[in-house]
Amino acid sequence: MDSYSLSAAAKINLYLEIVGDRPDGYHELVMVMQSVGLADRVTVRRLGAHEIRLRCDHPEVPSDASNLAYRAAALLHQRFPKVMTQQGGVEITIQKNIPVGAGLAGGSANAAAVLVGLDMLWQLGLTQIELQTLAAELGSDIPFCIAGGTAIATGRGEQIDTLHGLDGLYVVLAKSPTLSVSTPWAYKSYRQAFADNYLDVATASQTRKAQLHASPMMAAIAHQDGPAIGQHLYNDLEKVVLPAHPDVKAMKTTLASCGGLGTLMSGSGPTLFTLTASQAAAEGIVQQMRSHYSEAELGLWVAPLLPSSLQLLES
Ligand code: ATP
């Protein structure tokens, strides 16, 4: 085959807790991640020339070596130096649907799709574990984007325990096209405000993970209990992002008043989501939100919770 096209889905965080500072400078996290049906299309196509090229249809996304998807291809080339001579180079094409800088891991999803697509194109025969290990070198969210579905993520987010998938639930995603939140800023602000509460990660991270496993959120996920999941949504980063961004806070209040099962900011924001029990309920919430915000003020998407992140569309 000379080309593979994959759908690369966004993620939301159903739960995000910051445990403390790690010796490597990252934060130790305990999270529940979930793939949702808002996806980019990523194509890897064999090139005669021994090089990596990238095209993306979104003006804010770089098309050079700084693009995470480019870096994924460069990492594989570095690890398998002979592969381009044997198999040819690659042109990566990204059609963006996931909003950029939104806390939805769009760049990470693209990088995961390139790792999996190139594993097929270059016939590398990598296992899921090998792909996730390479992914962790590129970025903390990328191993989850390879695994997809519903998972507990710990460490800096790269250690993934897959959970039984959630079926039949939907989200309304809401993001202002003009607002963005820098992820490094959000974590830095959290450290400044809450470092006194940080736990010693050497001893506490396993305990917090075990406590999450025994928590009402995990029981709700195990029972596919949408209303209970909605009740236990949690994100530590809301404590710094919402006070600093009153517009996002106001949007959250409005979204939460529309009758979903629960409303939360995803990752470092500014995207908000409301969980619903059906597509019809999600579409009803979109209609209500449209009486408060125009399309120019707020992007709204209805998306199912997905059992995986990557899907082969065409080869
Ligand atoms: P996360 O939730 O993992 O913090 P995010 O959803 O907030 O990520 P992204 O959309 O992944 O943010 O992009 C963040 C920045 O990374 C953007 O400003 C963009 O310029 C850069 N970037 C690099 N590669 C990509 C890519 N393939 N897609 C989107 N953005 C990319």
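What you see is a predicted model, and the numbers here were worked out from it, not measured in a lab.

## Remarks on the UniProt feature "domain: GHMP kinase C-terminal" (unreviewed entry) in the protein chain
Step number 1: Per the UniProt annotation, the sites labelled "domain: GHMP kinase C-terminal" (unreviewed entry) are residues 217-294.
Step number 2: In the segment residues 217-294, helix accounts for 54% and strand for 14%; the C-alpha atoms at its two ends are 34 Å apart.

## Quick notes on the nonpolar core
Step number 1: A69, I92, A112, V114, L115, I146 and V171 are the most contacted members of the largest nonpolar core, which totals 99 residues.
Step number 2: The element best represented in this core is strand β1 (residues 3-21), accounting for 11 residues.
Step number 3: When residues of this core are assigned to domains, at least three fall in each of domain 1 (3-164) and domain 2 (170-304).

## Observations regarding helix α4 (residues 128-138)
Step number 1: Those residues of α4 not exposed but buried are L131, Q132, L134, A135 and L138. The buried residues of α4 occupy one face: seen down the axis, they fall within an arc of 165°.
Step number 2: For α4, the secondary structure elements touched by its buried residues are α1 (68-79), α3 (106-121), α5 (142-147) and β6 (159-163).

## Quick word on the domain arrangement of the protein chain
Step number 1: Looking at the protein chain, the domain boundaries give domain 1 (3-164) and domain 2 (170-304).
Step number 2: Taking the mean C-alpha position of each, domain 1 and domain 2 sit 23 Å from one another.
Step number 3: Between domain 1 and domain 2, the contact holds 28 residues from the first and 36 residues from the second.
Step number 4: The set of elements that each furnish at least two residues to the side of domain 1 that touches domain 2 consists of β1, β2 (27-47) and β5 (150-155).
Step number 5: Grouping the amino acids of the side of domain 1 that touches domain 2 by side-chain chemistry returns 15 nonpolar, nine polar and four charged.

## Some thoughts on helix α12 (residues 279-290)
Step number 1: Along its 12 residues, α12 runs 17 Å from first to last C-alpha, staying within 8% of the 16 Å computed at 1.5 Å per residue.
Step number 2: Residues of α12 that are buried include every one of A281, A282, I285 and M289, and no others. Seen along its axis, α12 keeps its buried residues to an arc of 100°; they face one direction. In α12, the exposed positions angled more than 90 degrees off the buried face are occupied by A280, Q287 and R290.
Step number 3: Those residues of α12 that are buried are in contact with β7 (170-175), α11 (246-256), β10 (272-276) and β11 (299-304).

Basis of the calculations
Residues numbered from 1 in each chain as written. Predicted model: local features only at pLDDT ≥ 70, side-chain atom pairs only at ≥ 80, totals over all residues. UniProt positions renumbered as here; feature names shortened; annotations may be inferred. Helix = DSSP H or I, 4+ residues; strand = E, 2+ residues; numbered from the N terminus. Core = buried A, V, L, I, M, F, W, Y, C linked by C-beta atoms within 7 Å. Buried ≥ 20, exposed ≤ 12 C-beta atoms within 10 Å, placed from the backbone. Domains from an automatic or database assignment. Arc of directions from axis to C-beta. Contact = placed C-beta atoms within 7 Å. Nonpolar A, V, L, I, M, F, W, Y, C, P; charged D, E, K, R; others polar. Expected span 1.5 Å × (residues − 1).

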